[in-house]
Protein chains: 2
Amino acid sequence: MILESVPRLGAELLALRDGLGRALAEDVYADQDLPPFDNSAMDGYAVIAADTTGATSENPRALRCIAEEPAGVTVTERVITGTAVKIMTGAPIPPGADAIVPVEDTSAGADGRVGILREAVSGAHVRRAGEDVKRGRIVLMSGVRIGPAEMGALAAVGKAEITVSKAPAVAIVTTGTELVDVSERLGPGRIRDSNSYSLLGQALNAGARVSMVERTADERSELERLLTLAAQTSDIIITSGGVSVGDYDLVKETLAKLGEILFWKVAIKPGKPLAYGRIDGKPLFGLPGNPVSSMVAFDLFVRPALLHMQGISDVTYPRVSGVVSEDLRHKPGRREYVRAVTVWQGEGYVAAPTGDQGSGRLSSMLGANSYIVISEDQGDLRAGGKASVMLTGRR
Amino acid sequence: MILESVPRLGAELLALRDGLGRALAEDVYADQDLPPFDNSAMDGYAVIAADTTGATSENPRALRCIAEEPAGVTVTERVITGTAVKIMTGAPIPPGADAIVPVEDTSAGADGRVGILREAVSGAHVRRAGEDVKRGRIVLMSGVRIGPAEMGALAAVGKAEITVSKAPAVAIVTTGTELVDVSERLGPGRIRDSNSYSLLGQALNAGARVSMVERTADERSELERLLTLAAQTSDIIITSGGVSVGDYDLVKETLAKLGEILFWKVAIKPGKPLAYGRIDGKPLFGLPGNPVSSMVAFDLFVRPALLHMQGISDVTYPRVSGVVSEDLRHKPGRREYVRAVTVWQGEGYVAAPTGDQGSGRLSSMLGANSYIVISEDQGDLRAGGKASVMLTGRR
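Since we're looking at a predicted model, the values are computed, not measured.

A. Examining the interface of chain A and chain B more closely. Taken together, the 82 residues of chain A in the interface contact 83 residues of chain B. Of all the elements in the fold, those that place two or more residues in the side of chain A that touches chain B are α2 (148-156), β15 (191-192), α3 (195-205), α6 (291-309) and β22 (319-324) of chain A. For the side of chain A that touches chain B, the class distribution of residues is 40 nonpolar, 25 polar and 17 charged.

See below:
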């Protein structure tokens, strides 16, 4: 439902150097063959292969060196029987030649001659024009997230500027009268607002930019003002807190007033009181206020939405199976996401839960690289038993 | 040798909001208990557990509600036998109370009374002060790379500013007379300089900042000038090209002239002609010019150095084992890194090589998330056989 309801964002032009981590919004084709011309894969000598038949270090073949060809320079001399052109890696194969003899298989001879110490077959150490990518072929498809290899490939086909999906502008609004800023003194009954920071990190890692980070007490008018502003200035709104069943859980009410609730509550643990809706067409994720619930609900619901909005099709973390290192209690009913450190040991993964799994325990997220997923109809897990594991990486 | 020879960088103070992806350069302790006070894990009523003994929906216990406590506000009313305080998630447990009855297990009564529909045990839904982290305990250790969970934890302990390792300043110098910029027209024998872009992406992903990107023809004096400048302005120098055996392979010569070569050539494929040395104490990695060789050598040698310079201890990609999907030829002698797409299927990983593995084929890196590692003393691999796989991720 989320993936169907979030809008796809428009595209923008970007200098290639600024493209890392962004999602390509165009199909990119090769404007020419890659490599553009037949060239040498080695430093050595361009020869006619037939001239080297029978060459050994005991019985070298002498060829007359008629030219020298560094990379970036094109010689026009034609290699004819009995001659060779000295050539560097990447330089075009001179006309007439059909093989390269690596410099290691040659010896310097007298009078500008070179000794060939090993037989070469036709085509040896020649990289053919277009053998990497043929001109006109698709190199990268729209929706690919640009990593270092994609940066290189885009440069290779001359894309100094690229069309990428706009980065979703995310508004983060944390709610709760008990919250104070990280730099403020803690009064009685107060706690520091950590969710705005973990959500900031999660949003940036999902390719978003953060257009607004605000905090409000549980106060109707201020929350309305902030959510209205967020809907005007952002592509997607993330709140934390205020979605439970209490009288002060105002986010849900305000969402219903300013827009619409599409669903509320999901049978997961932690993260159950998740609310999802829209204000002025902008998706709003009402995440629970507990630090862990907020992070888990982000990973499961907001991250896929942010990636999808950028046109990326692979929006979920990979799933593997692993052996759990200790007994895990589980009451059927909700699907549980147990924070874990999962490492490869011998022939498979071992997933070790990160201590107590209370939804308030931010320490259970520290160092975790995965969730052990216990399905809603499962009971307790035994140490040594298999479980499904979602690999989030250390992030 | 590399990890021993690269310098550790100094530290700098940073606003927490700018810390994502950086390496912490201080041990961080809890300045207070987390949570700072006993508080309610649910919206509901703070009660004396003994008052609820035997309560059921058929036989509720009525308690007088003496106060209402939203989060962020501290009531001073004491809960005595027969009374309750209405309480929100996160609010401090009022004096006298020892359990929370969730609002779902209550019914509104007349005259400010609340009906308790289920027995509560002492401590139910109470989060104890310090149960997440005790005051004075270490929360995060120096050398941790800061992800979203770490952002949250740092906020929770009041670290508005954090001490992080300086990001290594990387100079990228690509060499080769055949190279033209991505925006330039390709003349005969010319190719586009793609390595400066893939290396830029790889350096950024390893937490570095890029202080200089320059390209030079195979020209002694210009290369000397650029490497001297790079050593003055950067923490680490990466070159591509010019490290092979040819007459025009000037990087090695220039490195020897301006500084020292610590090693040259590694028994790997691709990436063999890697040179490593120092100029004025600054590490220089002379990467091969082939696009794939350059990326592989970066992953294996430069990335660990960049992470180590930031004080990060976990510097290598994780290794798993997987089944190879097709026959792979391998001549013993060099350790080979075959670019592959590795996915979990059923009960294990299957690694599928990304087509032709020529060191010039940038397309073999596209979409790859791993290397199949064939050790130097191994022969051919058979489809269906096991192999060691290095998971790099899509990056």
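B. Quick look at the sheet that holds strand β21 (residues 282-287) of chain A. Residue and element names in this part refer to chain A. Strand order in this open sheet of 6 strands is β16-β13-β17-β21-β20-β18, and the pairing throughout is mixed. The strands lining the two open edges of the sheet, one partner per strand, are β16 (209-216) and β18 (260-264). Across the sheet, the mean angle from the axis of one strand to that of its neighbour is 20°, orientation sign disregarded. Along the sheet face, helix α5 (residues 250-258) touches β13 (169-175), β17 (236-240), β18, β20 (275-279) and β21 and points at about 35° away from the line of β20. Sitting on the sheet, α6 touches β17 and β21, and the angle it makes with β21 is about 165°.

C. A look at the relation of the copies chain A and chain B. Superposing chain A onto chain B takes a rotation of 180° plus a shift of 0.0 Å along the axis, which leaves an RMSD of 0.1 Å. Here the copies are linked by what is in effect a two-fold axis. Proximity to the rotation axis, assessed at the C-alpha, singles out A:Gly348 in chain A; its C-alpha lies 3.8 Å from the axis. Here 100% of the contact residues of chain A are again contact residues in chain B; the copies associate through an equivalent surface.

D. Layout of helix α6 (residues 291-309) of chain B. All names here are of chain B. With 19 residues, α6 should cover 27 Å at 1.5 Å per step; its first-to-last C-alpha distance of 25 Å lies within 8% of that length. Maximal helix bending in α6 amounts to about 45°, located at Phe298. For α6, the buried fraction is high: 17 of the 19 residues fall into the buried class.

E. Looking closely at the domain arrangement of chain A. You can read the domains of chain A as domain 1 (2-27 + 138-165), domain 2 (39-127), domain 3 (169-309) and domain 4 (319-391). One C-alpha centre belongs to domain 2 of chain A, the other to domain 3 of chain A; they are set 68 Å apart.

F. Quick look at α5(A). Residue and element names in this part refer to chain A. Here α5 has its buried residues at Leu250, Val251, Thr254 and Leu255. Taken around the axis of α5, the buried residues stretch over an arc of 135°, which confines them to a single face. If you follow the buried residues of α5, they end up packed against β13, α4 (220-233), β17, β18, β20 and β21.

G. Inspection of the sheet that holds strand β18 (residues 260-264) of chain B at higher detail. Residue and element names in this part refer to chain B. Read across the sheet, 6 strands follow the order β16-β13-β17-β21-β20-β18 without closing on themselves; strand pairing throughout is mixed. A strand with exactly one partner marks an edge of an open sheet, and here the two such strands are β16 (209-216) and β18. Mean inter-strand twist for the sheet, computed between neighbouring axes without regard to direction, equals 20°. Sheet topology places strand β20 (residues 275-279) next to strand β21 (residues 282-287); 5 bridges connect them, and they run antiparallel. What sits directly across from Ile279, in β21, is Lys282.

Cut-off values and rules
- Residues numbered from 1 in each chain as written.
- Chains lettered and ligands numbered in written order.
- Predicted model: local features only at pLDDT ≥ 70, side-chain atom pairs only at ≥ 80, totals over all residues.
- Contact = placed C-beta atoms within 7 Å.
- Helix = DSSP H or I, 4+ residues; strand = E, 2+ residues; numbered from the N terminus.
- Nonpolar A, V, L, I, M, F, W, Y, C, P; charged D, E, K, R; others polar.
- Pairing = 2+ DSSP bridges.
- Axes fitted to C-alpha atoms, helices over the stretch in contact; angles between N-to-C directions.
- Least-squares fit on C-alpha atoms with pLDDT ≥ 70 in both.
- Expected span 1.5 Å × (residues − 1).
- Bend = angle between axes of the 7 residues up to and from the residue.
- Buried ≥ 20, exposed ≤ 12 C-beta atoms within 10 Å, placed from the backbone.
- Domains from an automatic or database assignment.
- Arc of directions from axis to C-beta.

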